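# Structure assessment
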Amino acid sequence: MPNSTRPAKRVKFSPSDTTILEPTGGGGSKFFKPVDTEFKNNLVNQIESCIENQQSIIGVMVVELESKALAKSHRPIDVFDDSTCPFIGDIGIDIETKKGSFLVRTTINGLSSIKSKIVTTNAEYYEKALSTISRLYPFKPNINFQQISNETELIIELIDFKNETINEEKLRIYKSILYEEMIQSITLLEGKIFYVKIPNRNNTIEIIRKLENSNLLMDVKATKFINFQPLQLLENQISIELPTAEEDIDYPVVGVVDTCIKGDCPHISSWYEGEITSIIEDERVYDHGTFVAGLITNSFTLNSNDNHFPKSQSKVFSVGVLSSEGGSIYEIYNMLQRAQRQRPDIKIWNLSLGASEPVELTKISTFGIMLDKFQKDNNCICIIAAGNIDNPLDMRMWPPQDNEPKNIQRISSPGDSVLGITISSVAQIDGIVRRFEPSIFSRSGPVANYVLKPDLCHFGGNHIQNGQSLVSLGVTSLGMNSQASCAYGQDCGTSFATPLVSTIAANLWKRMGYDTPRHTIKGLLAHSARLRKKITKDEKLYYGWGMPLDVDSFMFCNKNEITIIMEGEIGSNREIVGKLPFPIPPSLRTADGKVKAEFFMTTSYDPPLDENRAFEYCLVNIEAGLGEVNNEGKFFGKVPSEGTGYEQDLVNGSYKWSPIKVHHKKYPNGINVENWKLQVKMLTRQGFNPDRSFVQPFSIILTIRALDSEAQVYNEMVTLMDQYNWEVRNANIEIEERLQL
């Protein structure tokens, strides 16, 4: 059993762990298809069409690339460069054809120059670049005019032209159009995302058309699209004794961004830290937020002491943003910012809410982008529900069937937030699906950049079939009955899986200390899920990395294993950060020198992001490896990545950019490696050229486990790290503080 005398260890990489690589040439270019006269003529015709359609001095064109030409090394920068039409972003990958659509900034002169060069240049390097192109066409934002036609409150996202002067001019045009119409505009993301309120709904379409014709718009959404399902009526009085918060325990606090919480409910009051809301008294509802709060405070006791529910408990701070009518993106984001200013100590924000529609694959959702900015600016983590499939006809069986509407089943906004943790639901009891299988209502991946979403899962309920109807087998929590008394009942939803992970995350961060980087917290949650159970590639779209363990289960170690959290930073593509030699405990060596062990490794980091990109939203890739160094100094990884459920050609271009990666390998017969090394490398996207001061922080979480339960791996590794003069401390800050007294 894990023992509190064997805490996980934290190791800090030192400057001496960094080496500089000699510059090498990039990968060679190649032809992706024949470049003949007919192909060139087609490109010329497409460019002429773009010239005819360009309605302003600066425009945007889509460059669709062949599915095999999406890698950075194949990008046709010999055709589209700063002197003609530079790349400024992308609008995703087509899930059927696997072709990628990239955006370039255009001028009439730039397009004419490219057209002329296509006709006159026969150089091999240029024709290789042309061969990557599938087609060219004018960019047009995918605006649902029917959805916004009767709306007066909108979220508008502008194109980032990657040029300060052009962006300033486009912003001036945007403001002048709104000023002429006497429309209020509030900045949500500087120069990029705005909230607008249109006085007369009859003018909405006309105004958006004006903005669209000025080549300004990336996206437009109605702000009021966040909703939640009403709870089943709760009539049962509380018949079990629920623990109250103990005065001598310093609990972490989770911000609950939801309906208001009934703080005077006797089973909540000792856990209740206060409220911020802008909802007037007559429009307040309490059921959903109170249900979520009950799971953050007492999920284990409420759910029959089921050991798979977390025993971790947190206090709650209510951010009331959802009324009986649902909620507005603007109001939710505005209140979230206000709450953070009021309670900067809160590190975990629970968002059991989302849109009723799936995210698009052409871009990261506007709300997802806004939450990423919020988390980066405030060093916090949003734990977000993956969303529910509302129509029973669209729900998924298990295993999934080929004829299911997978596009409709995709995660909803803001679950595509890359810096957030998105939670799907699994069944806590047998029903239509079996215990631990994905709930039939739970949304699944992919999202636009094909990083793994959902990230994690937890219990959110099941159903049984009763004739033509579905009967809920929900998780148990608190709410208000028809007499406005505190009661309990059951309900289903990813909304109720989400707080189970929130309370684990809040307790983990508190245990490790709030100086711990947020990417370390996220990496540990994913790592603990992998320690619990392997999720196959085909299952990851539904489970993510799996169900995380409760804090005590992975903050402490058995004697035959050790978990090491290694934190560092890397500054360029030419650096390697690593540990050589990497020590291997003697008890893992067989008589003939082989290493007989199981290795779990998780890489975690928060990359810089580009809101103008979809598939390439994450601008940095960190690759870690643990393996062998031969006599020539060459490295061979021996703990492979487990990948995702996406098609292999998408994995090659996307999973490696995922900010959480899990590796695993078990050697039951041993592996003949004498010299081990841990190494970390970085790769950046095409067009991302940070200055020399840029560094990318990262964490590597490594569990080394002997197959013999009596092996003394923990003690041996602690001794070896001391002998190697590693900078080591206990991961649990409470233990570390006691040792320093």
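Within any chain, residue numbers begin from 1 and follow the written order of that chain's sequence. Reporting in this predicted model follows two pLDDT cut-offs: at least 70 for local features of residues, and 80 or more for side-chain atom pairs to be given and counted; totals over whole chains, interfaces and linings ignore these cut-offs and use all residues. Just so you know, side-chain values use all the structure's heavy atoms and leave hydrogens and water out.

## A short note on the overall build of the protein chain
- By definition, any uninterrupted DSSP run of H or I lasting at least four residues is a helix, any uninterrupted run of E lasting at least two residues is a strand, and each is numbered from the N terminus. In terms of helices and strands, the protein chain carries 16 helices and 35 strands.
- What you see for the protein chain is a C-alpha radius of gyration of 27 Å, in line with the 27 Å of a compact globule of 741 residues.
- If one aligns the C-alpha atoms of the protein chain with their principal axes, the spans along those axes are about 75 × 75 × 55 Å.
- Of all 741 residues assigned to the protein chain, the portion counted as buried reaches 58%.
- Charged residues are defined narrowly, with Lys and Arg counted positive, Asp and Glu counted negative, and His plus the chain ends left uncounted. For this purpose, a charge sits on NZ of Lys, CZ of Arg, CG of Asp or CD of Glu. Distance between charge centroids for the protein chain: 5 Å, based on 77 positive and 91 negative side chains. To get the radius of gyration, use the C-alpha atoms; to get the globule rule, take the number of residues to the power 0.38 and multiply by 2.2 Å. Only protein chains enter the accessibility calculation, which uses a 1.4 Å probe. A residue is then buried if its area is under 20% of the maximum for its type, exposed if over 50%, and partly exposed in between.

## What to know about the packing of aromatic side chains
- For Phe, Tyr and Trp, rings pair up if their centres lie within 6.5 Å, where Trp contributes its six-membered ring, and each pair is then called stacked (planes under 30 degrees apart), edge-to-face (over 60) or tilted (otherwise). Summed over the entire model, instances satisfying the criterion amount to 19 aromatic pairs.
- Seen in terms of ring centroids, Tyr 195 and Tyr 330 are 3.8 Å apart; in terms of plane orientation they differ by 10°. Their pairing is stacked. You can see Tyr 195 sitting in strand S10 (residues 193–197) and its partner Tyr 330 sitting in helix H8 (residues 329–342), a full 135 residues away along the chain.
- Ring geometry for Phe 599 against Tyr 667: centres 6.5 Å apart, planes inclined by 75°, an arrangement best described as edge-to-face. Note that Phe 599 is positioned in strand S29 (residues 597–604) and Tyr 667 in the loop between strand S32 (660–666) and strand S33 (676–684), a separation of 68 residues in sequence.
- Looking at Phe 599, the relative accessible area reads 0%, which means it is buried.
- Tyr 667 gets classed as buried once you look at its relative accessible area, which sits at 11%.

## Things to note about the sheet that holds strand S31 (residues 635–637)
- With antiparallel pairing, five strands are arranged side by side in an open sheet as S3-S28-S33-S30-S31. With one partner strand each, in any of the chains shown, strand S3 (18–20) and S31 form the two edges of the open sheet. The mean angle between the axes of side-by-side strands here comes to 40°, regardless of whether they run parallel or antiparallel. For two strands to pair, DSSP has to find at least two bridges joining them. To obtain each axis, a line is fitted to C-alpha atoms, and for helices this fit is confined to the stretch in contact; angles are then taken between N-to-C directions over 0 to 180 degrees.

## So, the pattern of salt bridges
- Whenever Lys or Arg places a side-chain nitrogen within 4 Å of a carboxyl oxygen from Asp or Glu, that contact is recorded as a salt bridge. A complete count under the given rule lists 41 salt bridges for this structure.
- Ionic pairing is found between Asp 17 and Lys 579, a salt bridge with its closest N-O pair at 2.9 Å. Here Lys 579 lies in strand S28 (residues 575–579) and Asp 17 lies in the loop between strand S2 (9–12) and S3, a separation of 562 residues in the sequence.
- Residues Asp 606 and Lys 522 are paired through a salt bridge, measuring 2.7 Å at the closest nitrogen-oxygen approach. Residue Asp 606 is located in the loop between S29 and strand S30 (620–629), and its partner Lys 522 is located in helix H11 (residues 518–532); the two are separated by 84 residues in the primary sequence. Neither residue differs from the other here; Asp 606 and Lys 522 are each classed as buried.
- Among the charged side chains, a salt-bridge network with shared partners connects Arg 75, Asp 160, Lys 162, Asp 610, Arg 613, Glu 616 and Arg 685.

## Considering the confidence of the model for the protein chain
- Mean pLDDT over the protein chain stands at 92; residues scoring 70 or higher make up 94%.
- Confidence scores here are pLDDT values: one per residue, from the predictor, ranging 0 to 100. Working rule for contacts: check all heavy atoms of both residues, and any pair within 4.5 Å makes them a contact. In the predicted structure, residues 648–653 sits below a pLDDT of 50 and forms 11 contacts with residues beyond four places in sequence or in another chain.

## A few points about the packing of helix H10 (residues 494–512) against H11
- Where H10 contacts H11, the two axes come as close as 10 Å, and the packing angle between them is 125°. Accordingly, the angle class assigned to the pair H10 and H11 is oblique. Pair H10 / H11 crosses with right-handed handedness. For the pair H10 and H11, the contacting residues are Ile 504, Ala 505, Leu 508, Trp 509 and Met 512 in the first and Arg 518, Thr 520, Ile 521, Leu 524 and Leu 525 in the second. Here is the rule for angles: anything less than 35 degrees is roughly parallel, anything more than 145 is roughly antiparallel, 65 through 115 is roughly perpendicular, and the remaining ranges are oblique. Left-handed describes a crossing whose near helix is turned anticlockwise from the far helix through less than a right angle; right-handed describes the clockwise counterpart.

## Examining the sheet that holds S2
- The strand order across the open sheet built from six strands is S32-S29-S34-S27-S2-S35, with neighbouring strands paired in mixed fashion. Strand pairing shows two members of the sheet lacking a second neighbour, S32 and strand S35 (727–730), which therefore form its edges. When strand polarity is set aside, the average angle formed by the axes of neighbouring strands in this sheet is 20°.
- Summarising the sheet, S29 and strand S34 (residues 696–706) pair through eight bridges and their orientation is antiparallel. Following the sheet pairing, Ser 604 is matched in S34 by Ser 699.
- Each of S2, strand S27 (561–570), S34 and S35 is contacted by helix H15 (residues 713–723), which is oriented at about 35° to S27, the strand it contacts most.

## Focus: the packing of helix H7 (residues 287–302) against H10
- Across the interface, H7 lies against H10 with an axial gap of 8 Å and an inter-helix angle of 40°. Here H7 is positioned oblique relative to H10, judged by the angle of their axes. Where H7 crosses over H10, the two elements pack in a sense that is right-handed. Taking contact as the criterion, the partners of His 288, Phe 291, Val 292, Leu 295, Ile 296 and Ser 299 in H7 are, on H10, Ser 495, Phe 496, Pro 499, Leu 500 and Thr 503.
- For this scheme, ten residues count as nonpolar: Ala, Val, Leu, Ile, Met, Phe, Trp, Tyr, Cys and Pro. Four count as charged, namely Asp, Glu, Lys and Arg, and the remainder, Gly too, count as polar. For the contact of H7 with H10, the class distribution of residues is seven nonpolar, four polar and no charged.

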